[in-house]
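# Residue-level structure breakdown
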Amino acid sequence: MLVADVYAMFTDMAERPTDVTLDILIKIQEGIGALRSELGEFRLAADTRFERIETVMHKQRRDSAGMLVMMRATVTDFDERVSDVEERVAALEAETTA
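Residues numbered from 1 in each chain as written. Predicted model: local features only at pLDDT ≥ 70, side-chain atom pairs only at ≥ 80, totals over all residues. Heavy atoms only, no water.

### A look at the overall build of the protein chain
- The number of helices and strands found in the protein chain is two helices and zero strands.
- With 98 residues in all, the protein chain has 2% of them scored as buried.
- Carbon and sulfur atoms form 64% of the exposed surface of the protein chain, whose accessible area is close to 9,200 Å². (Helix = DSSP H or I, 4+ residues; strand = E, 2+ residues; numbered from the N terminus. Buried < 20%, exposed > 50% of the residue type's maximum accessible area, 1.4 Å probe, protein only. Areas by Shrake-Rupley, 256 points an atom, 1.4 Å probe, with all protein chains shown as cover.)

### Quick look at the pattern of salt bridges
- Taken as a whole and judged by the stated rule, the model has two salt bridges.
- Here Lys 59 makes a salt bridge to Asp 63, at a shortest N to O gap of 2.9 Å. Here the residue Lys 59 and the residue Asp 63 both occupy positions in helix H2 (residues 17-97), the gap between them amounting to four residues, near one helical turn. (Salt bridge = Lys/Arg side-chain N within 4 Å of Asp/Glu carboxyl O.)

### Description of a negative patch on the surface
- A cluster of like negative charges, contributed by Asp 79, Glu 80, Asp 84, Glu 86 and Glu 87, occupies part of the molecular surface.
- When you line up the elements, Glu 87 lands in helix H2. (Patch = residues over 30% accessible without salt bridge, like charges linked within 9 Å, V, L, I, M, F, W, Y side chains within 5 Å. Lys, Arg positive; Asp, Glu negative; His and termini not counted. Charge placed at Lys NZ, Arg CZ, Asp CG, Glu CD.)

### Examining a nonpolar patch on the surface
- On the surface, Ile 24, Leu 25, Ile 28 and Ile 32 cluster together into a nonpolar patch covering about 360 Å² of accessible area.
- You can see Ile 32 is positioned in helix H2.
- Note on Ile 32: relative accessible area 40%, which makes it partly exposed.

Encoded structure:
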């Protein structure tokens, strides 16, 4: 804003003091409208981020459950193989002592 514009604004305010209140209220209302608009945009962005996070969390839970099932199957298979080896070792020990 130029100095002349500021001077003209204050000169107008001095000449019409009752209208200054209305101008101030209009500016406040415009500011509130802009704030609401920005807040709406922020909320949309936050909702989008939360949805993305929820999607990732759901995928990770599903992947974790799948890994848990695979780990249990692997442990069961490993236990069976170790039991077979233990039986063979026991049979070999029995043969050598007999």
